[in-house]
Amino acid sequence: MSLSLVSNAHLDDISAKIRSKPVPWEGYQRAELVTSEELALIKKVDRQPRAKVESIHLSDGQTYALLYLRLLKKLQRVDTMQCLLVLIADALLDHDERIPLFARAAQSDPDLPYAPLLRTLEAQDDFVQLKSAQILTVLLSSESTPLQHQHLQPFLKVLSSLVQSQSQNKRDVAVQCLESLLARPECRRAVWAIPGILAGFVEILRHKPGPQMSYQVIFCIWLLSFEQDVAEQINKKYDIIPLLITVAQAAVKEKVIRVIIATFSNLITKAPSENLPAMLVAQLLPFSKNLSTRKWSDEDILEDVQYVRDELERNFESLTTYDEYMSELASGHLSWTPVHESDAFWRENASRLNDRDYEQLKTLIGLLGSDDPVVLAVAVHDLGQYVKHYERGKKIITDLGGKARAMELMTHPDPDVRYHALLSVQELVSHPWSAV
């Protein structure tokens, strides 16, 4: 694990300025915040040429690792914290062998190395916060035993807010930190338990970032997809499959497509029944057929593409029309596919919506709360079809709140929604004997 894994040009620019800024070390000694020994040591590296500091770190690394962490623990002025964080980062940069020097500080003080860094992580100063995140990522990623909850949890909470930030630099650093941490199973489980992180990833992808950011976010999602719970629930909670297909269709960089297909491959392997229906509804089959005809510089892509295509084809062939309808319903992405307007389909299948305590019917009624006018129009249309072909369904729909919602949709701003709501309500309120 090398510090250069979390790199950010903005942090580098500020670090360069901080290296030449004076810090009142003598004043700290007069105020008895710093001992004369600590002062003598810090003066040797304060605002000194990089080569000189490097040779001191080389000969006296353990002393300085302890010094920086001790000073960071007791000094709280922003400029001082900035200076100490830059000294720590400089000591670690391209020197993985120094990571244990900081880890060993725990032998002389159990608060070290993490307590001071978790405190600076909460600072109001953006640089202090992001530089702390950079250093924490290096130290935590290098631990040989599972990370302790009290170190990981507060860090992930901060990363959750950074990943959802409006600031590009904050998002950039947070995503890189997570990319490193998610290689560890205990981090994957902990990240999955904090909804803000996944919500942040989805939001970033929706705003069509550049290829590098897309790749890094999806790399994080790919790492998460190795966890069984994640593979089973991620699409249901975050509608990730259609989003990743959209990103892949627009991607110009091969590595972006590679990591998306690898994610799909994981989702199919770990949780086929939860993911294949949504993939079929989102038209991944024709897209994967198209991908399998392309030339790739990386042969692994083709292997994954063929696996995804073959699994989808196998499932597609065994799908009945009703399975297709259920897949569409489960995905929440209703559109005017032929089944909705087929009288034969509804005659045959309307009563099947009652299976398993009206599970599919409840899902359909739930979609009457969608923000998408097409989904609303199709869902309210289907409700009318259900009642038309299953007379006893009127009371059930009324009891489940479907009738009230359909009546509300008669005043929806979208004319198509209003039209289909009107037709459905007519079915819901009509009396069978009125035709006699």
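The structure presented is a predicted model; accordingly, all values stated were derived computationally and were not measured. (Residues numbered from 1 in each chain as written. Predicted model: local features only at pLDDT ≥ 70, side-chain atom pairs only at ≥ 80, totals over all residues. Heavy atoms only, no water.)

With that settled, the discussion passes to the overall build of the protein. For the protein, the count of helices and strands is 26 helices and zero strands. Relative to a compact globule of 436 residues, whose C-alpha radius of gyration would be 22 Å, the protein shows 29 Å and is clearly more extended. A principal-axis box enclosing the C-alpha atoms of the protein has dimensions of 105 × 50 × 35 Å. For the protein, the residues scored as buried account for 50% of the 436 residues in total. Treating the 47 positive side-chain charges of the protein as one cloud and the 57 negative ones as another, the clouds have centres 5 Å apart. (Helix = DSSP H or I, 4+ residues; strand = E, 2+ residues; numbered from the N terminus. Rg over C-alpha atoms; globule rule 2.2 N^0.38 Å. Buried < 20%, exposed > 50% of the residue type's maximum accessible area, 1.4 Å probe, protein only. Lys, Arg positive; Asp, Glu negative; His and termini not counted. Charge placed at Lys NZ, Arg CZ, Asp CG, Glu CD.)

As a further point, take the packing of aromatic side chains. In the structure shown here, the tally under the stated rule is 12 aromatic pairs. Here the aromatic rings of Y325 and F345 are separated by 5.4 Å at their centres, their planes lie at 55°, and the arrangement is tilted. Taken as a pair, Y325 in helix 20 (residues 321-331) and F345 in helix 21 (residues 343-349) lie far apart in primary sequence, 20 residues in all. Directly above the ring of Y215 sits K255, whose terminal nitrogen or CZ lies 4.6 Å from the centroid. (Phe/Tyr/Trp six-rings, centres within 6.5 Å; stacked < 30°, edge-to-face > 60°. Lys NZ or Arg CZ within 6 Å of the ring centre and 35° of its normal.)

Attention now goes to the side chain of T263. Along the chain, T263 falls in helix 16 (residues 254-270). Not counting chain neighbours up to four residues away, the residues in contact with T263 comprise I218, I221, W222, S225 and L244. (Contact = heavy atoms within 4.5 Å.)

The next thing to look at is the environment of L75. Positionally, L75 belongs in the loop between helix 4 (50-74) and helix 5 (78-92). Owing to a relative accessible area of 1%, L75 belongs among the buried residues under this scheme. Put simply, L75 and T120 are 45 residues apart on the chain and 10 Å apart in space, counted from C-alpha to C-alpha. Apart from residues no more than four positions distant in its own chain, L75 is found in contact with W25, Y28, L33, V34, T80, M81 and R119.

In this section: the environment of K236. Examined against the element boundaries, K236 turns out to sit in helix 14 (residues 228-238). For K236, a relative accessible area of 78% translates into the label exposed. In sequence terms K236 and S331 are 95 residues apart; their C-alpha atoms lie 7.7 Å from each other.

Our focus in this paragraph is a nonpolar patch on the surface. Together, M407, M410 and L422 line one region of the surface with nonpolar side chains, adding up to about 240 Å² of accessible area. Mapping M407 onto the fold places it in helix 25 (residues 402-408). (Patch = residues over 30% accessible without salt bridge, like charges linked within 9 Å, V, L, I, M, F, W, Y side chains within 5 Å. Areas by Shrake-Rupley, 256 points an atom, 1.4 Å probe, with all protein chains shown as cover. Salt bridge = Lys/Arg side-chain N within 4 Å of Asp/Glu carboxyl O.)

Here we come to the pattern of salt bridges. It is possible for side chains of opposite charge to pair when their charged atoms get near one another. Taken as a whole, this structure holds 23 salt bridges when the rule is applied. Between E54 and R98 there is a salt bridge, and its shortest N-O distance comes to 2.5 Å. Here R98 lies in the loop between helix 5 and helix 6 (99-103) and E54 lies in helix 4, a separation of 44 residues in the sequence. Exposure remark for E54: the relative accessible area of 26% places this residue in the partly exposed category. Look at R98 and you get buried, because its relative accessible area is 4%. Where D399 meets K395, a salt bridge forms, and the shortest distance between an N and an O atom there is 2.8 Å. Separated by four residues within a single helix, D399 and K395 lie in helix 24 (residues 393-399), roughly one turn from each other. Classification of D399 by relative accessible area gives exposed; the value is 54%.

Once that is clear, we can look at the packing of helix 17 (residues 272-281) against helix 20. With their axes 8 Å apart at the nearest point, helix 17 and helix 20 run at an angle of 95° to one another. The pairing of helix 17 with helix 20 is recorded here as roughly perpendicular in orientation. Two secondary-structure elements touch here, helix 17 through P277, A278 and V281 and helix 20 through S327, E328 and S331. (Axes fitted to C-alpha atoms, helices over the stretch in contact; angles between N-to-C directions. Parallel < 35°, antiparallel > 145°, perpendicular 65-115°, else oblique.)

In this section: the packing of helix 17 against helix 19 (residues 299-318). Orientation of helix 17 relative to helix 19, taken along the N-to-C sense of each, is 85°, at an axis distance of 10 Å. Considering the angle they form, helix 17 stands roughly perpendicular to helix 19. Touching L276, M279 and L280 of helix 17 are E311, L312, N315 and F316, all from helix 19. Along the lines of polarity and charge, the residues of the contact of helix 17 with helix 19 split into five nonpolar, one polar and one charged. (Nonpolar A, V, L, I, M, F, W, Y, C, P; charged D, E, K, R; others polar.)

Let us look at the nonpolar core. Counting residues in each nonpolar core, the largest one holds 118 residues, and the members touching the most others are W25, I42, Y68, F155, L178, F201 and F264. Once residues within four sequence positions are removed from consideration, L178 is found in contact with L156, L159, V163, V191, I197, F201 and C220. Listed in part, the 32 residues of the second largest apolar core include W346, L364, L383 and A406. (Core = buried A, V, L, I, M, F, W, Y, C linked by side-chain atoms within 4.5 Å.)

The next subject is helix 22 (residues 355-366). When the terminal C-alpha atoms of helix 22 are compared, their 16 Å separation across 12 residues agrees well with the 16 Å that a helix rising 1.5 Å per residue should span. Here helix 22 has its buried residues at Q360, L361, L364 and I365. The arc that holds every buried residue of helix 22, seen down its axis, measures 145°, which confines them to one face. Those residues of helix 22 that are exposed and aimed more than 90 degrees away from the buried face are R356, D357 and G366. Buried-residue contacts for helix 22 involve helix 20, helix 23 (373-389), helix 24 and helix 25. (Expected span 1.5 Å × (residues − 1). Arc of directions from axis to C-beta.)

The omega torsion across L112 and P113 is 0°, close enough to zero to call that bond cis. Along the chain, the position of P113 falls in the loop between helix 6 and helix 7 (114-120). For D94, which is not a glycine, the phi torsion comes out positive at approximately 60°.

With that settled, the discussion passes to the environment of R98. Sequence separation between R98 and M326 is 228 residues; the distance between their C-alpha atoms is 56 Å. Apart from residues no more than four positions distant in its own chain, R98 is found in contact with E54, H57, L58, A91 and L92. A distance of 2.8 Å separates the side chain of R98 from the backbone oxygen of A91, its partner in a polar contact. (Polar contact = N/O pair within 3.5 Å; in protein donor to acceptor, adjacent residues only side chain to side chain.)

Read these as spatial facts, not as claims about activity.
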